[in-house]
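Next come the chains, spelled out residue by residue.
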Amino acid sequence: MTGDRRSFARIRARLHRDERGFTMIEVIVAILIFGILITSVATTQSSSLNMIRNDRHRSVAANLAAEEMDTIRSTDFTDLTVGRVETTRDLDGIVYTVTRDSEWVLGDAQSGACDAPADAEPRYLRVDVAVRWPVMSGVAPVTSNTIVTPPVGTYDETTGHIGVKIVDRDAAPVGGVNVTLAGPLSGSQTTTADGCAFFAFLPAGAYTATVSAAGYVSDQGVATPVQPASVTVGATTSLLFQYDRAATLDLTLIGKDLGAPAPTGVAVTLANAHMLPTGFEAFPGSGSPRQITDLFPFADGYEAWAGTCADASSGAPPLAVQPGSATAATILMPEVQVTVMQDLGGGTFAPVPSLPVQAVHVADGSCAGGESYSLGVTDAAGQLAFALPWGTWDVQVSGFPNVVELDPSSAPADGDGSWPFDVRLFS
């Protein structure tokens, strides 16, 4: 009997121990495992939905590509548009973009039409179609291609051709650029993916080709550059345009040590060896900061300095620019500190306020047109601090000239970093 009671007590104790529940660690582990399972399920469902969605988009795009091919084959050859054509189709709220690139293939089929030898003749049109949709998630566009040969006798053999190639700053082809040809026979095309607009079977004569695309400029900063071309029978005339998205410089002009202001109306000069004809150009303007737009994004950037004179270059490193982007930079200028004092006799001097100060850079070999600036008037202490472009200046206070040579290779005499200019007016 005693043994039965002890067994019953042990069973009851074990039951009480099992009713204590889970520990906190066990609960956290359970939640973590549940979270991992839910995340895995959600990821799998999302991937499945994306796959189904992309399969549907690809199916629709394939139908659109086939429809475009049917349109091409049913169109008279002379009515086919050479170059790039983009159209959009809205199907069930999804906008599909259909891009058709049609370009001539010349006798030398080893290269594009714009890169073929001058005596290579156009043989047929190669048409490439690509269909894209907004969120492709890394899926390649649906593509299709065909070739179309002109019927015998379609074109006059006593003609020539013009190939216009568009490249960016890195010599990569630029597609989607409009090229307009004017001459005995006019027309326009949009460059294909290889940057080519090829005008075939043109009457001999003089032509001009004009390039245009919103936000683009040529290597000389021209938004719509033009080149002449002459067509001769049986030959291809090749034109090359360097054309890229315009860059912008946001420039702050200021004294390099005291933060003195730059003269109102001081120009900014930008230099790059590719800029014709001199390798640099002065951009007028006023105030600071200053914005200079429509710049070709040369890979080696621009050297920039204040003023229009060549001796104002300090040899600072070039400012880097990027296609379609703005670059902020500071042009640091040397400073001059003017102090004007009136001799009162007995070795006593008093400051002279409200005297106008101007600076003149005479015309010379480094500054053909010369420069001059009105810098302001002296304050109550008879002083005026201002910034100037580098170079040799006549700083004049009330008719008293003083030559100040601001040389970037030398240090100013004043401890504050400015070039001192003291004027003593004697009675």
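Residues numbered from 1 in each chain as written. Predicted model: local features only at pLDDT ≥ 70, side-chain atom pairs only at ≥ 80, totals over all residues. Heavy atoms only, no water.

**With respect to the overall build of the protein**
Then, number 1: Summing up its helical and strand segments, the protein has two helices and 26 strands in all.
Then, number 2: A buried classification covers 37% of the 427 residues belonging to the protein.
Then, number 3: Taken as a whole, the protein presents about 22,600 Å² of accessible surface, with 55% of it coming from carbon and sulfur. (Helix = DSSP H or I, 4+ residues; strand = E, 2+ residues; numbered from the N terminus. Buried < 20%, exposed > 50% of the residue type's maximum accessible area, 1.4 Å probe, protein only. Areas by Shrake-Rupley, 256 points an atom, 1.4 Å probe, with all protein chains shown as cover.)

**Brief notes about the sheet that holds strand 13 (residues 247–255)**
Then, number 1: Taken in spatial order, the three strands line up as 16-13-18 in an open sheet, and their pairing is mixed. Across the chains shown, the open sheet's two edge strands, defined by having one partner strand only, are strand 16 (290–295) and strand 18 (326–333). For this sheet the average axis-to-axis angle between neighbouring strands, irrespective of direction, equals 25°. (Pairing = 2+ DSSP bridges. Axes fitted to C-alpha atoms, helices over the stretch in contact; angles between N-to-C directions.)

**Some points on the confidence of the model for the protein**
Then, number 1: Averaged over every residue, the pLDDT of the protein is 86; residues scoring 70 or more account for 85%.
Then, number 2: Per-element confidence in the protein ranges from a low mean pLDDT of 56 for helix 1 (residues 2–18) to a high of 98 for strand 10 (residues 216–218). (pLDDT = per-residue confidence, 0-100.)

**As for the sheet that holds strand 1 (residues 83–91)**
Whether parallel or antiparallel, the strands of a sheet pair through hydrogen bonds between backbone atoms.
Then, number 1: Taken in spatial order, the four strands of this open sheet run 1-2-3-4, and their pairing is antiparallel. Every other strand in the sheet has two partners, leaving strand 1 and strand 4 (142–148) as the edge strands with one partner each. The average angle at which neighbouring strand axes cross in this sheet is 15°, direction not considered.
Then, number 2: Pairing of strand 1 with strand 2 (residues 94–106), which is carried by nine bridges, proceeds in the antiparallel orientation. What sits directly across from T87, in strand 2, is V98.

**Description of the side chain of S102**
Then, number 1: Structurally, S102 is set in strand 2.
Then, number 2: Other than its neighbours up to four places away in sequence, S102 contacts T81, V82, G83, R126, V127 and T192. (Contact = heavy atoms within 4.5 Å.)

**Quick notes on the state of the cysteines**
Then, number 1: Evaluated as defined, the whole model comprises two disulfides.
Then, number 2: Paired by a disulfide, C114 and C196 hold their sulfur atoms 2.0 Å apart. Negative torsions about the S-S bond denote left-handed disulfides, and the value of about 75° found for C114 with C196 makes this one right-handed. Within this pair, whereas C114 is found in the loop between strand 2 and strand 3 (122–132), its partner C196 is found in strand 8 (residues 196–202), the two being separated by 82 residues in sequence. Neither C114 nor C196 differs from the other in exposure class; each is buried. (Disulfide = S-S within 2.5 Å.)

**Thoughts on the nonpolar core**
Then, number 1: Of all hydrophobic cores here, the largest spans 39 residues; its most connected members are L251, L270, F386 and L388.
Then, number 2: By residue number, the principal contributor to this core is strand 13, which donates four residues.
Then, number 3: Excluding residues within four positions of it along the chain, F386 makes contact with A260, P261, P334, E335, V336, V338, V357, L375 and V395.
Then, number 4: Counting residues in each nonpolar core, the second largest holds 30 residues, with V82, V129, V139 and A200 among its members. (Core = buried A, V, L, I, M, F, W, Y, C linked by side-chain atoms within 4.5 Å.)

**Thoughts on the pairing of strand 13**
Then, number 1: Sheet topology places strand 13 next to strand 16; four bridges connect them, and they run antiparallel. Residue L249 lies in a different strand from strand 16, and its bridge partner there is I292.
Then, number 2: In this structure, strand 13 lies alongside strand 18, joined through eight bridges in parallel fashion. Bridge pairing in strand 18 places L251 opposite A329.

**Section: the packing of aromatic side chains**
Then, number 1: Going through the model one piece at a time under the given rule, you end up with 11 aromatic pairs.
Then, number 2: Measuring from centroid to centroid gives 6.4 Å for Y96 and W133, while their planes differ by 55°, and the two rings are tilted. Of this pair, Y96 sits in strand 2 while W133 sits in the loop between strand 3 and strand 4, and the two are 37 residues apart along the sequence. (Phe/Tyr/Trp six-rings, centres within 6.5 Å; stacked < 30°, edge-to-face > 60°.)

**Quick look at a nonpolar patch on the surface**
Then, number 1: The grouping of M24, V27, I28 and I31 at the surface amounts to a nonpolar patch, some 410 Å² of accessible area in total.
Then, number 2: Here V27 is to be found in helix 2 (residues 24–73). (Patch = residues over 30% accessible without salt bridge, like charges linked within 9 Å, V, L, I, M, F, W, Y side chains within 5 Å. Salt bridge = Lys/Arg side-chain N within 4 Å of Asp/Glu carboxyl O.)

**Details of unusual backbone geometry**
Then, number 1: Cis geometry is adopted by the peptide bond preceding P277, which originates at L276 and carries an omega value of 0°.
Then, number 2: S288 connects to P289 through a cis peptide bond whose omega is 10°.
Then, number 3: Relative to the helices and strands, P289 resides in the loop between strand 15 (280–283) and strand 16.
Then, number 4: Unusually for a residue other than glycine, A171 sits at a positive phi of about 65°.
Then, number 5: Structurally, A171 is set in the loop between strand 5 (160–167) and strand 6 (178–182).
Then, number 6: Judged by its relative accessible area of 56%, A171 falls in the exposed class.

**Quick look at the pattern of salt bridges**
Then, number 1: For the structure on display, the rule yields nine salt bridges.
Then, number 2: Close ionic contact of D128 with R126 constitutes a salt bridge, the shortest N to O distance being 3.6 Å.
Then, number 3: What makes D128 partly exposed here is its relative accessible area of 28%.
Then, number 4: Here the salt bridges share partners, and the residues they tie into one network are E103, R126 and D128.

**Structural notes on the environment of G279**
Then, number 1: Along the chain, G279 turns up in the loop between strand 14 (268–271) and strand 15.
Then, number 2: Residue classification places G279 among the buried residues on the basis of a relative accessible area of 14%.
Then, number 3: Other than its neighbours up to four places away in sequence, G279 contacts L270, A271, N272 and A273.

**Focus: the environment of M275**
Then, number 1: Inspection of the secondary structure puts M275 in the loop between strand 14 and strand 15.
Then, number 2: Considering only alpha carbons, one finds M275 and Q220, 55 residues apart in sequence, at a separation of 6.2 Å.
Then, number 3: If we ignore the near neighbours within four places in the chain, the residues touching M275 are Q220, L270, F280, E281, F298 and Y302.

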